[in-house]
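Descriptive analysis of the structure
These are the residues of each chain, in order.
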Protein chains: 2
Amino acid sequence: MTQKTGVDFYSVIRERQSIRGYDPSVAITEEELKELLREATLAPSSSNLQPWRFVVVTDPAVKAELLPIANNQKQVVDAAATIILLGDTEAYKRADEIYDLSVEAGMPKEARDAYVPRMKEYYRTMSPETARSVALIDGGLVAMQLMLAAKARGYDTVPMGGFSHEKLIERFQIPAHLIPVMLISIGKAAAGSGNPTARLPIEEITSWNKLEQ
Amino acid sequence: MTQKTGVDFYSVIRERQSIRGYDPSVAITEEELKELLREATLAPSSSNLQPWRFVVVTDPAVKAELLPIANNQKQVVDAAATIILLGDTEAYKRADEIYDLSVEAGMPKEARDAYVPRMKEYYRTMSPETARSVALIDGGLVAMQLMLAAKARGYDTVPMGGFSHEKLIERFQIPAHLIPVMLISIGKAAAGSGNPTARLPIEEITSWNKLEQ
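Counting of residues starts from 1 at the beginning of each chain's written sequence and follows it residue by residue. Going through the entries in the order they are written, you letter the chains from A and number the ligands from 1. The predicted nature of this model means local features are confined to residues of pLDDT at least 70 and side-chain atom pairs, given and counted, to a pLDDT of 80 or more, with totals for whole chains, interfaces and linings taken over all residues. Side-chain numbers here rest on the full set of heavy atoms in the structure, without hydrogens or water.

1. Section: the interface of chain A and chain B
The condition is simple: We call two residues contacting when some pair of their heavy atoms lies within 4.5 Å. The quantity reported as buried area is the accessible area (1.4 Å probe) lost by two parts once they are put together, taken as the sum for both. A pairing counts as a salt bridge when a side-chain nitrogen of Lys or Arg comes within 4 Å of a carboxyl oxygen of Asp or Glu. Helix and strand definitions here come from DSSP, where helices need a minimum of 4 consecutive H or I residues and strands a minimum of 2 consecutive E residues; each element is numbered from the N-terminal end. In this classification, Asp, Glu, Lys and Arg are treated as charged, Ala, Val, Leu, Ile, Met, Phe, Trp, Tyr, Cys and Pro as nonpolar, and every other residue, Gly included, as polar. For two strands to be treated as a pair, DSSP must find at least two bridges joining them.
At the interface, 86 residues of chain A touch 86 residues of chain B. Taken over both partners, the interface formed by chain A and chain B buries close to 7,600 Å², and the fraction arising from carbon and sulfur atoms is 61%. Linking chain A with chain B are eight salt bridges. In this structure, K34(A) engages E203(B) in a salt bridge whose closest nitrogen and oxygen atoms are separated by 3.7 Å. Of the residues forming the side of chain A that touches chain B, the biggest block, 14 residues, is contributed by helix α7 (residues 128–152) of chain A. Taken together, the residues of the side of chain A that touches chain B sort by class into 46 nonpolar, 21 polar and 19 charged. Sheet analysis places strand β5 (residues 206–208) of chain A next to strand β1 (residues 52–57) of chain B, joined by three bridges and oriented parallel. Residue pairing across strands places S207(A) opposite V55(B), the latter belonging to β1(B).

Given below as structure tokens:
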């Protein structure tokens, strides 16, 4: 990974906002999109199984097909790329590959050997609802880090939940173990894009040591 | 919000890792935990409904009760705080409050008035499964930003999916519209904590314009 530095974390979290109007003349190279995805996937996941899968749509013809699937949200064609984020409910099948890499990275082999077999069995016998929940939560984790990593590189993003899951699955022949989590467009904001938004006061959504009813 | 600056984004994403061994002598003030949560909740959410709710456990007696619920993961008692992250499947009920705040922040009143009624109707009639998915995905978004904001302040975290949902719901009297998303412990790593991990090569989890089968 390129060892980038020198971008203020607090500027990134304050300045990131969802952008729906994009400059259609801005492209992002495949190499930079890969770097961004590498940064995003430093996010944690359940048992480090990394159940996220990406289909990056940059081809204008594919963008045009994605447009009606995404309820005609224009960012799908105007942004440099739209990432289809999928959650893999069978991510445990790559556990050996992942933990071999972790051992290469310095994890003690005994730790891997003790952990991986029972972890795989846990996921293999997990209820479909729980497997789905894990894939959605971990999808949220990687999506957030992706949007921040994009902002750190000067790009804008918007996460989209409003799309036809059925049509997306059909068009991209998505197998049943991969579930659509969200679409994320990425590019550079057109002039005048972005609406002011606000957040609930933290006191109204937080309680201490017990749940305020 | 305190206007903090001067923390390198790339250091934060590279140095954050899940930490399970904490220095039990480290406390974090309620005020700093609130600042952290404010930073976390700058995350985006579906229609900006912010369906995240937090119960922050800092009281040693409550930590001790949380320990068996969290499968005896010791970080629950050793970390300065453990945040119970809940997803609100009825977050649309606060849409008026949220969008009033957005108008105060500069959103045109006409935009609010045109959008909010149909948005609320959309969420009110949403299937329970979809409402649950939204709360889980948005929970993932805010959890990631929380863990990064903590790292930016020099704290370590660990997200936990391994806990008894049933016992948590019972102990904290969590109503049905709030669903447990995850637990997040926060504090400072004890010496020697943290295992090397690795990520799958981006080429193996990404495809371009079509899904590689």
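Read on for the rest.
2. Some details on the pairing of strand β2 (residues 81–88) of chain A
All names here are of chain A. Note the threshold: Residue burial is assigned from relative accessible area. The probe radius is 1.4 Å, only protein chains are included, and a residue is buried under 20% of its type maximum, exposed over 50%, and partly exposed in between.
Counting buried residues in β2 gives eight out of eight residues, a clear majority hidden from the surface. Neither face of β2 is open: one carries A81, I83, L85 and G87, the other T82, I84, L86 and D88, and all of them are buried. Here strand β1 (residues 52–57) runs beside β2; their pairing, made up of six bridges, is antiparallel. Bridge pairing in β2 links V55 to I84. Sheet analysis places β2 next to strand β4 (residues 178–187), joined by eight bridges and oriented antiparallel. Bridge pairing links G87 to I179 in β4.

3. Focus on unusual backbone geometry
Residues and elements named next belong to chain A. Notably, N48 is not glycine yet its phi reads approximately 55°, a positive angle. As for its position among the elements, N48 is in the loop between α2 (30–40) and β1. Residue classification places N48 among the buried residues on the basis of a relative accessible area of 9%. One non-glycine residue, N72, lies in positive phi territory at about 55°. Here N72 is to be found in the loop between α3 (60–69) and α4 (75–78).

4. Topic: the sheet that holds β1(A)
Rules: To obtain each axis, a line is fitted to C-alpha atoms, and for helices this fit is confined to the stretch in contact; angles are then taken between N-to-C directions over 0 to 180 degrees.
The strand order across the open sheet formed by five strands is β3(A)-β4(A)-β2(A)-β1(A)-β5(B), and the pairing between neighbours is mixed. Taken across any chain shown, the strands that pair with only one partner, and hence form the sheet edges, are β3 (156–160) of chain A together with β5 (206–208) of chain B. Mean inter-strand twist for the sheet, computed between neighbouring axes without regard to direction, equals 25°. Of the strands in this sheet, β1, β2 and β4 of chain A together with β5 of chain B are in contact with α2(A), which crosses β5(B) at around 155°. Across the sheet, α7(A) touches β1, β2, β3 and β4 of chain A, and the angle it forms with β4(A) is around 10°.

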